[in-house]
Amino acid sequence: MKIVIIGTNHAGIAAANTLLDKYLGHEIVMIDRNSNMSYLGCGTALWVGRQIDQPHELFYARPDEFEAKGATVLTETEVSTIDFQKKQVHAIAKTGETLVEDYDKLILAMGSRPIIPKILGNELEGIHFLKLFQEGQAVDEEFAKESVKRIAVIGAGYIGTEIAEAAKRRGKEVLLFDAEATSLASYYDEDFAKGMDENLSKQGIELHFGEIAQEFKGTNGRVSQIVTNKNSYDVDMVINCIGFTANSALASDQLDTLKNGAIKVDKHQQTSDPDVYAVGDVASIYSNALQDFTYIALASNAVRSGIVAGHNIGGTSLESAGVQGSNGISIFGYNMTSTGFSVKAAERFGLDVSYTDFEDKQKAWFLHEDNDTVKIRIVYEKESRRIVGTQMASYSEIIAGNINMFSLAIQEQKTIDELALLDLFFLPHFNSPYNYMTVAALNAK
Ligand SMILES: Cc1cc2nc3c(=O)[nH]c(=O)nc-3n(C[C@H](O)[C@H](O)[C@H](O)COP(=O)(O)OP(=O)(O)OC[C@H]3O[C@@H](n4cnc5c(N)ncnc54)[C@H](O)[C@@H]3O)c2cc1C
Ligand SMILES: NC(=O)c1ccc[n+]([C@@H]2O[C@H](COP(=O)([O-])OP(=O)(O)OC[C@H]3O[C@@H](n4cnc5c(N)ncnc54)[C@H](O)[C@@H]3O)[C@@H](O)[C@H]2O)c1
């Protein structure tokens, strides 16, 4: 079979490798408009904040590796249209040459694109987005300028808080804006997100929450002021981080999609066209917390959905296990992890939930050195008592491992009562005989 893959970043790479490594004999054509592949966006803030000194290790794959496995890789080639009836992909190479690729099976891995705030002054110089490696390079070059002193970051989600930390680490004055009342509002309940807000303030980041940018003003063509619904602020640079949306324009009028444009798939990653699969940020994904398909744009999901599509096209019928949107963040050493729903998110999706909170030291009480407090909330459905979400916050890094247990618990629909008596090891170096996960579950009403 001839398989064409549009988009060769995390999801497209995972699908290509699965096919090339496990299902020999197919013709694989990989097309991407970018000049690089596999860039780990999560490294941008680490590199721009000089927590790692350069970006070259943020790539893990190169076109020649796929060519060595027999694939054709067309970089700097933009797909312009897809003819789903004739099963043809039309693209334009960097040289301007047009090309047509027939396909037996097509994998859509065009990912996501940043949401652009539709406000006056958008075209001014000094206003940035942060998705591509090249955009990280541009922000890094700006940070190197003495004249760039005050940075406005719009959006205090994951990218915004991470790049705000990076700017602070580079000695900049940072103003962090968000429409919501706290940072990370999409992932954590308010009394958890407040811990991150305190951490950001303590580090000297100026918080402007519940504040929406309405206009960018400029001097000599470069942004010099941001006007919000509350005030105006002199700034030297703006970084927009207000979320991503599915980059599905090539297919959204031909294939079934969610309301936000993400291409609808089943658990085999198959779209409404049986010869077309969609993976990663461009596709919907099954949430075990919601027990339905939704949109969760994460690299972890991109990789797994690419693998699932590769196997199904290769001939092995494999279902996605579904996801919980497990994620984490670490800002100036303050760590937060979550999986499934916060109470706010569960209620937004119409689930009738309760929750149990607890706070304790990570390690046994008699260890006084390097023993941080952990805050935990477990959210569960009132009726079924199945766990639908967990959030944790601590300076301890151990919470990063613990959240994955809750991810599995949600996937397997375990109840809060089953968790209460789960076998969890005890060693004073790591936890307590009655550790905070057990106690939180035992306290559930
Ligand atoms: C700054 C930042 C930090 C992040 N940190 C994390 C993290 O810590 N953990 C995590 O899980 N996720 C993180 N993410 C999210 C993660 O990067 C995405 O979920 C992931 O990149 C999705 O992979 P993808 O392959 O589906 O899509 P993308 O990475 O968006 O790749 C899509 C590819 O398709 C190509 N393409 C699109 N349209 C066309 C076309 N018409 N023709 C040809 N090629 C096309 C693009 O060039 C691109 O290479 C982060 C994202 C950013 C921006
Ligand atoms: N550590 C991680 O797992 C990680 C890190 C970075 C990015 N990512 C993923 O990458 C994707 C993009 O991240 P992101 O931070 O851009 O999106 P996000 O959804 O995490 O955050 C967007 C933020 O912008 C705010 N916002 C929206 N419109 C606004 C407006 N007009 N004015 C002010 N604020 C506004 C929202 O309230 C939200 O807090 C997400 O799917 C995220 O999960 C994950």
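The structure displayed is predicted, hence computed values, not measured ones. (Residues numbered from 1 in each chain as written. Chains lettered and ligands numbered in written order. Predicted model: local features only at pLDDT ≥ 70, side-chain atom pairs only at ≥ 80, totals over all residues. Heavy atoms only, no water.)

Caption draft 1: Quick look at the packing of helix α1 (residues 10-22) against helix α7 (residues 299-314). Where α1 meets α7, the axes come as close as 7 Å, and the angle between the chain directions of the two elements is 35°. Every pair of crossing elements has a handedness; the one defined by α1 and α7 is right-handed. Contacts between α1 and α7 pair H10, A11, A14, A15, T18, L19 and K22 from the former with A299, A302, V303, G306, I307, G310, H311, I313 and G314 from the latter. Among the residues making up the contact of α1 with α7, the classes are represented as 9 nonpolar, 6 polar and 1 charged. (Axes fitted to C-alpha atoms, helices over the stretch in contact; angles between N-to-C directions. Helix = DSSP H or I, 4+ residues; strand = E, 2+ residues; numbered from the N terminus. Left-handed = near helix turned anticlockwise from the far one by under 90°. Contact = heavy atoms within 4.5 Å. Nonpolar A, V, L, I, M, F, W, Y, C, P; charged D, E, K, R; others polar.)

Caption draft 2: Representation of the pattern of salt bridges in the model. Per the counting criterion, the structure on display carries 23 salt bridges. The salt bridge involving E78 is made with R33; its shortest N-O contact spans 3.1 Å. Residue E78 is found in strand β4 (residues 77-83), and its partner R33 is found in the loop between β2 (27-31) and α2 (44-48); the two are separated by 45 residues along the sequence. The closest approach of N and O atoms between R222 and E125, which form a salt bridge, is 3.7 Å. Of this pair, R222 sits in strand β14 (residues 222-228) while E125 sits in the loop between β8 (112-114) and β9 (127-128), and the two are 97 residues apart along the sequence. A residue is classified by how much of its surface remains accessible, and R222, at 18% relative accessible area, is buried. If you follow the salt bridges from partner to partner, you end up with E125, E142, K145 and R222 in one network. (Salt bridge = Lys/Arg side-chain N within 4 Å of Asp/Glu carboxyl O. Buried < 20%, exposed > 50% of the residue type's maximum accessible area, 1.4 Å probe, protein only.)

Caption draft 3: Broad picture of the site of ligand 1. Lining the immediate environment of ligand 1, one finds 29 residues, of which N9, D32, V79, K131 and D281 sit closest. One nitrogen or oxygen atom from the main chain of A299 is found 3.0 Å from an oxygen atom belonging to ligand 1. Coverage of ligand 1 by the protein amounts to 88% of the 990 Å² it exposes when considered alone. For the shell around ligand 1, the elements supplying multiple residues, two or more each, are α1, β4 and α7. Across the shell around ligand 1, the residue classes break down as 13 nonpolar, 11 polar and 5 charged. (Near = heavy atom within 4 Å. Polar contact = N/O pair within 3.5 Å; in protein donor to acceptor, adjacent residues only side chain to side chain. Areas by Shrake-Rupley, 256 points an atom, 1.4 Å probe, with all protein chains shown as cover.)

Caption draft 4: Focus on the UniProt feature "domain: FAD/NAD(P)-binding" (unreviewed entry) in the protein chain. Using the residue numbers shown here, the UniProt feature "domain: FAD/NAD(P)-binding" (unreviewed entry) corresponds to residues 1-306. The span residues 1-306 is 22% helix and 29% strand, and its two end C-alpha atoms sit 18 Å from each other. (UniProt positions renumbered as here; feature names shortened; annotations may be inferred.)

Caption draft 5: Quick look at the sheet that holds strand β10 (residues 150-154). Here we have 5 strands laid out as an open sheet, ordered β9-β16-β10-β11-β12, and parallel in their pairing. The two strands at the open ends of the sheet, each matched to only one other strand, are β9 and β12 (206-209). Where β10 and strand β11 (residues 173-178) come together, 5 bridges link them in parallel fashion. When the sheet's bridge partners are listed, A152 is paired in β11 with L175. Against the sheet, helix α4 (residues 133-143) touches β9, β10 and β16 (237-240), its axis set at about 155° to β16. Helix-sheet contacts for helix α5 (residues 158-169) involve β10, β11 and β16, and the interaxial angle to β11 is about 170°. (Pairing = 2+ DSSP bridges.)

Caption draft 6: Seen up close, the domain arrangement of the protein chain. Looking at the assigned domains, one finds that the protein chain contains domain 1 (2-112 + 245-314), domain 2 (116-242) and domain 3 (336-442). Computed from C-alpha atoms alone, the centre-to-centre distance between domain 1 and domain 2 is 30 Å. In this assembly, 15 residues from domain 1 lie in contact with 16 residues from domain 2. In this assembly, domain 1 packs against domain 2 so that about 1200 Å² is buried in total across both faces, 60% of it on carbon and sulfur atoms. Our count for the domain 1 to domain 2 interface comes out at 1 salt bridge. Between R50 and D140 there is a salt bridge, with the nearest N and O atoms lying 2.9 Å from each other. Examining the composition of the side of domain 1 that touches domain 2, we find that 4 residues originate from one element, α2, more than from any other. Across the side of domain 1 that touches domain 2, the residue classes tally to 6 nonpolar, 7 polar and 2 charged. (Domains from an automatic or database assignment. Buried area = accessible area lost by both parts, 1.4 Å probe.)

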